[in-house]
Amino acid sequence: MLKPICCDCNSARRCSLLLIVSITPECHKCGQINNRNPETAPELRLHMYNRCAQGDVVTHTAWLNRSSILYAGEDKWSVDPRVSLVTLNQEEFTIKIENVDMTDEGQYVCAVQTSSRPRTTSVHILVQVPPKIINLSKDIVVNEGSNVTLMCQASGKPEPSVSWKLIYSSGDLASEDEYLEIPSISRQRAGTYECTAVNDIDTDVQTVDITVNYAPAVSEGRDIGVTLGQRGELECEADAVPEADFEWFKDDRRILNGLDSMEIMNSGSLSKLTFFNVSDGDYGNYTCVALNKLGSSNTSFLMYVVIEPTSSTLLQGPRAVQDGSGGAMGVHSHTCLLFLVFLPFLLRI
């Protein structure tokens with residue numbers, strides 16, 4: 001009995017099986033296997049040598065597969081078009097099986113009738129199949145906090161091992177199983193998940209995308225000072241999935257785009273409120289509200305007046321700024337008065 005032969009069946013490159021029996025007038029029965037890589041050659045050759053004593057004459061030959069006769073001498077008994085006769089003479093009996101698949105696995109027997117006695121040689125063919133992912137979870141969209149289960153099933157021979165991992169993640173989110181469980185998923189777990197099926201023959205890889213929805217979170221508003229009649233701009237940024245819609249308010253009044261020399265420009269996660277010519281009525285408190293189907297968030301801004309430098313304000317120094325109530329201006333006026341009181345004493349020094 002020869003040891004089993006493995007034939008790799010790959011859908012991308014078919015392999016063939018060549019069964020050969022050589023009969024020579026020398027020594028005793030022996031066997032040899034020559035297994036060529038199907039990646040470099042489209043044919044897997046199996047050589048079986050049956051050496052008989054000198055003077056024997058071969059009278060009948062046959063190849064059988066699981067008790068079914070494939071060839072009896074030159075006569076083809078098999079109805080399979082993939083099976084063909086290659087060589088038949090006193091030294092060799094060769095048949096060929098093309099495009100090997102799983103149904104070709106099993107025992108093959110070569111029976112030789114000589115003038116002295118019958119002889120048989122058998123070999124068991126093991127058909128190996130590269131892994132193929134046959135059942136995979138679809139891309140999904142879930143809300144933050146949901147429980148998620150991903151499934152990946154694969155076929156192949158030998159049976160492939162299956163594993164999961166989150167691409168572009170340095171964390172420990174992985175699974176050496178067909179199923180990946182993600183309890184109470186967070187936004188940090190969103191991304192592309194890779195399923196890998198591996199056996200001794202090859203590897204198959206497919207991916208699943210998980211999108212995690214969550215309510216907006218806005219960055220803290222930054223107050224700005226603007227000179228009367230100049231251009232001013234307030235920026236509001238929100239992190240949200242799906243992307244947030246923005247609304248702007250001055251005090252309790254919603255601002256409509258394109259009115260009162262203002263413009264609202266939204267681009268992705270950023271919203272800008274632009275004033276082209278700031279007037280006295282534009283100074284004050286503003287609120288940006290970011291909202292999507294999961295919730296909303298807001299932040300506040302203060303736009304205050306900046307006094308243009310003059311001969312009088314230069315004496316007050318670089319902090320001559322007032323807000324809408326004029327409180328800061330009063331503080332700077334007292335500072336200026338004290339400076340003028342002590343100026344004569346300073347000049348005497």
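Residues numbered from 1 in each chain as written. Predicted model: local features only at pLDDT ≥ 70, side-chain atom pairs only at ≥ 80, totals over all residues. Heavy atoms only, no water.

**Observations concerning the sheet that holds strand 20 (residues 245-250)**
Each strand in a sheet pairs with another by means of backbone hydrogen bonds, the pair being arranged parallel or else antiparallel.
Then, in step 1: Ordered in space as 18-25-24-20-21, the five strands form an open sheet in which the pairing is mixed. The sheet is open, and its two borders are formed by strand 18 (224-226) and strand 21 (253-254), each paired with just one other strand.
Then, in step 2: Pairing geometry for strand 18 and strand 25 (residues 295-305), over three bridges, is parallel. Its bridge partner lying in strand 25, Ile 224 is registered against Met 303. (Pairing = 2+ DSSP bridges. Helix = DSSP H or I, 4+ residues; strand = E, 2+ residues; numbered from the N terminus.)

**Quick notes on the pattern of salt bridges**
Then, in step 1: Following the criterion strictly, the structure yields nine salt bridges and no others.
Then, in step 2: Residue Asp 104 pairs with Arg 82 through a salt bridge whose shortest N-O separation is 2.8 Å. One end of the pair, Asp 104, is in the loop between strand 8 (92-97) and strand 9 (106-114); the other, Arg 82, is in the loop between strand 6 (75-76) and strand 7 (83-88), with 22 residues separating them in the sequence.
Then, in step 3: On the accessibility criterion, Arg 82 (16% relative accessible area) is buried.
Then, in step 4: Linked by salt bridges that have partners in common, Asp 80, Arg 82 and Asp 104 make up one network. (Salt bridge = Lys/Arg side-chain N within 4 Å of Asp/Glu carboxyl O. Buried < 20%, exposed > 50% of the residue type's maximum accessible area, 1.4 Å probe, protein only.)

**Overview of the nonpolar core**
Then, in step 1: One finds Leu 234, Trp 248, Leu 273, Phe 275, Tyr 286 and Met 303 to be the most contacted residues of the largest nonpolar core, which totals 23 residues.
Then, in step 2: Put simply, the parts of the chain that give this core at least two residues each are strand 18, strand 19 (232-241), strand 20, strand 22 (262-267), strand 23 (270-275), strand 24 (284-292) and strand 25.
Then, in step 3: Of the residues forming this core, the biggest block, four residues, is contributed by strand 19.
Then, in step 4: Excluding anything up to four places from it in sequence, Leu 234 contacts Ile 224, Trp 248, Ser 271, Lys 272, Leu 273, Phe 275, Tyr 286 and Phe 301.
Then, in step 5: Judged by nonpolar contacts, the second largest core, of 19 residues, contains Leu 136, Cys 152, Trp 164 and Leu 180. (Core = buried A, V, L, I, M, F, W, Y, C linked by side-chain atoms within 4.5 Å. Contact = heavy atoms within 4.5 Å.)

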